[in-house]
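# Structure at a glance
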Amino acid sequence: MTLATIAHDTGHMARAVEETLRGRTLVIVSNREPYVHRRGVRGVEVERPEGGLVAALDPVLQATGGVWVAWGSGDADFEVADDRGCVPVPPGAPRYTLRRVRLIRPEVDRYYLGFANQSIWPLFHMAMDKARFTRRYWTAYQAVNRRFADAVMETVGADAVVWIHDYHLGLCPRYLRQRRPDLFLTHFWHIPWPARDVYRICPQRAELLEGMLANDLIGFHVPSYVQNFLDCAEQELGAAVDRAAGVVEYEGHRTRVAAFPISIDVGAWEEAAACRACERWMAHLIRRFRLRDRLIGVGVDRIDYTKGIPERLRALELLFQRYPRFRERFVFIQKAAPSRTRIQAYRQLQETVEEEIARINAQYGTDTWQPIIYIPRPLPPEAMAALYRMADVCLVTPLQDGMNLVAKEFVASQVDGRGVLVLSEMAGAIEEAAWAVPVNPFDPEGVADALAGALEMPPADRQCRMRQMRAHLRRHDIYHWMAQHFQAAGHLLAARAHTGPALHALDTLRRDLSARGRLAVLLDFDGTLAPIADRPEDAQIPPATRATLARLARHPRCTVAVISGRTLEDVQRRVNLDGVVYAGNHGLECTWDGGLMVVEGALRLRDDLAECSRSLLERLRNVEGVIVEDKGLSLSVHYRLARPSDVDQVEHAVLETLNQIPAGRLKTVKGHKVLEIRPDLDRGKGSAALWLLAQVAGPRWRQERAVLYAGDDTTDEDAFAALAGSGVTVRVGPAPQQTAAGYSLQGPEELARLLAIIAGWLESDALVTAGHDRGVALPTGSP
């Protein structure tokens, strides 16, 4: 991937963020700052932390503008800031404001090194024996979180979106909510959230939960952390929890909780691994450590008790004991950066690691072979990419880890596609790495056996596994993660708008629908045009509704489209009206006046869907009331008629079946008592609606076409959010606690009444003409 492509990705992401913000100010709040000023030999110098979240968010904030609030950790930070701690960044070409929070040494010791890293960090990583809870740690944590909240309050205006990061700032949302109830607060928690039996060890567990539940949106890496958080909120606070929707209601406030697996800048790592500097580093490392013609393993970690380094060293020793054929053939490079050395447990761990490496090398090494090479010093990105690229095996064996981005860095750097990832089952990354070799880090013999198998894996198997992981990773990079987060935020922001009964706002609706003279009516089928039926094949449009739909479709100033999760053939047959645009499988296939479009990526996955259908029919054949509907480009598992006690079995069967398909190919979406299995493409009813409108009216459709979209399902929320500000959106049927729709209707009967009223407006010229005929023929092409 070229730098131009990376810049394009960043620009695309920035435009998506701006679409979500809609004029609101974006404020990022984190412990770590994106630019650090330090005194150097040539005066004040600027450091920009490499990699990770900071490197991903900085260019987006440069594009959108806004504020970044962070701890000013550099010794010259406040020499270059104004009296409020603000400095424009980046230096030389400022695009946003960095607001620094000043902390003195005792505050850092008690807030950061204390409660954050000796209380929360060990407990949430299941290292209960290392957790230390003291009142002075807690008092400092409260005080510093208030200071961060104060800094945010000094910088934000009305209607800001505040994005808070990580476990250092668990109380900050509540302090902000108390002072500014109107702020939109979203929080990404970068470490695991433990099960309730572990969480209850924390003396301040209620206060920490209350702090987090002041957010509008909370993100975790994986669904199991989401479920743990919901359990804690329900059992510790007595909060009302809707697990299906991922919503917590506490003290009158609703919080959406969801999983957004974080990732890396894949393009940047691929470029670093393919550059000449990387190849020079590879040649240097091979010469320096006498690696030619040897198998190479690599481990990259901070020195931290959660990373399982002593356990890994034990597994390496067992490898040399039980598989002596690897002696003098295999070298393991441990890149281990010291961290938090002011905490005694970390200093002791570093000594233990270094002593164990020295002992193993002394016991097994020879004059020409050193089994383990230890690199504690920092290396530039090209050197890190060289380590990953030259490795035959990457050993990632944390005892507990929220995600672990080393696994993804290794995969991105494997431009030759020949390495094997051996990955701990305790890392969040395992949920996205079906083609890695899984290991239990607490079982050193099992790790040694898995490592031996990985080293001797046939080249074709290695390449197949790596090809699958690289394909998934490219689709799920850091920009995809941000897009997921801001899409969810956009849904909630849209839901803040008043959602009122559509039939009580007819004057407003007539004004909005007549604003551009021509009208596009986009409708879901099941639960919208047709009442929900227990059996999908029994659903029918009432005759009066079909007659009204025909009136609309015949009118020269109106375009009608039906966008359904059913197959294209099925929805055409059930509606059976000329002049209507049809989209089936949630927009994966569309037809109009004889034209046909099918999303190309979906066609390639039909065999996978057929295999899922066969598997589920077998797994669920004895579960009464379950219907498996194979729709060619997608699959629906209906359980409306199943016993409630069987629903868990149905969901488990779907998840198990999906796990048999290579990661990144299919996904599951939950609807009204139905589980949809679809291609894992950025395609839903929202993108389908936008594409259809662009085909009907061209790129200026927002200026030339009024839009009405009505739907009843969670799949329609995507369209409600996509059309927010550009059309009239109506939720049909019982609305969830939070919907992005602007209006509501009780059911298909009320929608039929509204459509009849709109048809009357059109026929009586109550909707002002724009002077152009409709024409529904769409150009060929794909979205």
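These notes cover the structure that comes with them. This structure is a prediction, so every number in the text was calculated from the model and none was measured.

### Some details on the overall build of the protein
Broken down by element type, the protein carries 27 helices and 31 strands. Scaling as 2.2 N^0.38, a compact globule of 783 residues should have a C-alpha radius of gyration of about 28 Å, and the protein matches this with 28 Å. Considered along the principal axes of its C-alpha atoms, the protein spans approximately 95 × 65 × 50 Å. Across the 783 residues of the protein, 59% fall into the buried class. Considering only contacts in the protein between residues 6 or more positions apart, those separated by 24 or more positions represent 71%. Accessible area for the protein stands at about 31,700 Å²; split by element, carbon and sulfur atoms hold 49% of it. Seen as two clouds, the 95 positive and the 98 negative side-chain charges of the protein have centres 3 Å apart.

### Quick notes on empty space enclosed by the protein
A full pass over the atoms with the stated rule returns 4 cavities of 30 Å³ or more. Reported here for the largest cavity is a volume of approximately 360 Å³. Lining of the largest cavity is provided by 24 residues; of these, Asp-526, Ile-532, His-638, Val-674 and Glu-676 occupy positions nearest its centre. Taken together, the elements giving at least two residues each to the lining of the largest cavity come down to strand S26 (635–638) and strand S28 (674–679). Here the second largest cavity defines a volume of roughly 120 Å³. Surrounding the second largest cavity, Ala-407, Lys-408, Val-411, Leu-421, Ala-429, Glu-432, Ala-433, Met-469, His-472, Leu-473 and His-476 form its lining. Counting residues per element, the ones that place at least two in the lining of the second largest cavity are helix H14 (406–413) and helix H16 (459–475).

### Quick notes on the side chain of Ser-634
Tracing the backbone through its elements, the reader meets Ser-634 in the loop between strand S25 (627–630) and S26. With relative accessibility at 0%, the residue Ser-634 sits in the buried group. Look past the residues within four positions of Ser-634 in its chain and what remains in contact with it is Gly-565, Asn-585, Leu-609, Glu-629, Glu-676, Ile-677 and Arg-678.

### Concerning the packing of aromatic side chains
Evaluated as defined, the whole model comprises 27 aromatic pairs. Ring centres 5.7 Å apart and planes at 40 degrees place the aromatic pair Phe-124 and Trp-189 in the tilted group. Here Trp-189 lies in the loop between strand S8 (184–188) and helix H6 (196–199) and Phe-124 lies in helix H3 (residues 105–124), a separation of 65 residues in the sequence. In this pair, the class of Phe-124 matches that of Trp-189, namely buried. An angle of 40 degrees between the planes, with centres 6.1 Å apart, marks the rings of Phe-320 and Tyr-364 as tilted.

### What to know about the pattern of salt bridges
Scanning the model with the defined rule gives 54 salt bridges in all. Of the charged contacts, one joins Arg-243 and Glu-234 as a salt bridge, the two residues approaching to 3.1 Å between their closest N and O atoms. A relative accessible area of 32% places Arg-243 in the partly exposed class. Here Arg-470 and Glu-270 are joined by a salt bridge, their closest N and O atoms 3.0 Å apart.

### A closer look at unusual backbone geometry
At the junction of Val-89 and Pro-90, the peptide bond is cis and its omega measures out at 0 degrees in the coordinates. Relative to the elements of secondary structure, Pro-90 occurs in the loop between strand S5 (86–89) and strand S6 (96–101). Notably, Asn-404 is not glycine yet its phi reads approximately 85 degrees, a positive angle. The residue Asn-404 is located in the loop between strand S16 (393–396) and H14 in this model. Positioned with a positive phi, His-586 is a non-glycine residue whose angle comes to about 60 degrees. Mapped onto the fold, His-586 is located in the loop between strand S22 (580–584) and strand S23 (589–592).

### A short note on the packing of helix H18 (residues 506–513) against helix H27 (residues 748–763)
The contact between H18 and H27 brings their axes to 12 Å, and the two run at 55 degrees. The angle between the axes of H18 and H27 places the two elements in the oblique class. Considering the relative orientation of H18 and H27, their crossing is right-handed. Contact residues: H18 offers Leu-506, Leu-509, Arg-510 and Leu-513, while H27 offers Leu-754, Ile-757, Ile-758 and Trp-761. When the residues that make up the contact of H18 with H27 are grouped by side-chain class, the tally is 7 nonpolar, no polar and 1 charged.

### Comments concerning the pairing of S23
Along a regular strand, successive side chains alternate from one face of the sheet to the other. What you see with S23 is no split at all: Glu-589 and Thr-591 on one side and Cys-590 and Trp-592 on the other are buried throughout. In this structure, S22 lies alongside S23, joined through 3 bridges in antiparallel fashion. Bridging from a neighbouring strand, Tyr-582 pairs with Thr-591 of S23. A loop of 4 residues connects S22 with S23, the two strands running antiparallel in sequence, and Asn-585 in this loop sits at a positive phi of about 50 degrees. Direction of pairing for S23 relative to strand S24 (residues 595–598): antiparallel, over a ladder of 4 bridges. Looking at S24, one finds that Trp-592 is bridged to Gly-595.

### Quick look at the side chain of Thr-559
Take Thr-559: it is sitting in strand S21 (residues 558–563). Residue classification places Thr-559 among the buried residues on the basis of a relative accessible area of 3%.

### Section: the nonpolar core
Across soluble globular proteins, nonpolar side chains have a tendency to be buried as a group. Ranked by size, the top nonpolar core spans 183 residues in total, and within it Phe-148, Leu-176, Trp-193, Leu-319, Phe-330, Leu-421 and Met-482 carry the most contacts. Listed in part, the 41 residues of the second largest apolar core include Leu-519, Leu-577, Ala-706 and Ala-710.

### Looking at the sheet that holds strand S17 (residues 420–424)
Spatially, 6 strands are ordered S15-S14-S13-S16-S17-S18 in an open sheet, and the strand pairing comes out parallel. Looking at the sheet topology across the chains shown, the edges are occupied by strand S15 (372–375) and strand S18 (437–439). The mean inter-strand angle of the sheet, taken between neighbouring strand axes irrespective of direction, is 20 degrees. Across 8 bridges, the pairing between strand S13 (residues 295–302) and strand S14 (residues 330–337) is parallel. The residue bridging Gly-299 from the neighbouring strand is Gln-334, located in S14. Packing against the sheet, helix H12 (residues 344–364) makes contact with S13 and S15, and its axis sits at approximately 145 degrees to S15.

Reading guide: rules and limits
Residues numbered from 1 in each chain as written. Predicted model: local features only at pLDDT ≥ 70, side-chain atom pairs only at ≥ 80, totals over all residues. Heavy atoms only, no water. Helix = DSSP H or I, 4+ residues; strand = E, 2+ residues; numbered from the N terminus. Rg over C-alpha atoms; globule rule 2.2 N^0.38 Å. Buried < 20%, exposed > 50% of the residue type's maximum accessible area, 1.4 Å probe, protein only. Contact = heavy atoms within 4.5 Å. Areas by Shrake-Rupley, 256 points an atom, 1.4 Å probe, with all protein chains shown as cover. Lys, Arg positive; Asp, Glu negative; His and termini not counted. Charge placed at Lys NZ, Arg CZ, Asp CG, Glu CD. 1 Å grid on protein atoms, 1.4 Å probe; cavity = no way out; pocket = protein on both sides within 12 Å on 5 of 7 lines; lining within 4 Å. Points joined across faces, edges and corners; volume = space filled by probe spheres on them. Phe/Tyr/Trp six-rings, centres within 6.5 Å; stacked < 30°, edge-to-face > 60°. Salt bridge = Lys/Arg side-chain N within 4 Å of Asp/Glu carboxyl O. Axes fitted to C-alpha atoms, helices over the stretch in contact; angles between N-to-C directions. Parallel < 35°, antiparallel > 145°, perpendicular 65-115°, else oblique. Left-handed = near helix turned anticlockwise from the far one by under 90°. Nonpolar A, V, L, I, M, F, W, Y, C, P; charged D, E, K, R; others polar. Pairing = 2+ DSSP bridges. Core = buried A, V, L, I, M, F, W, Y, C linked by side-chain atoms within 4.5 Å.

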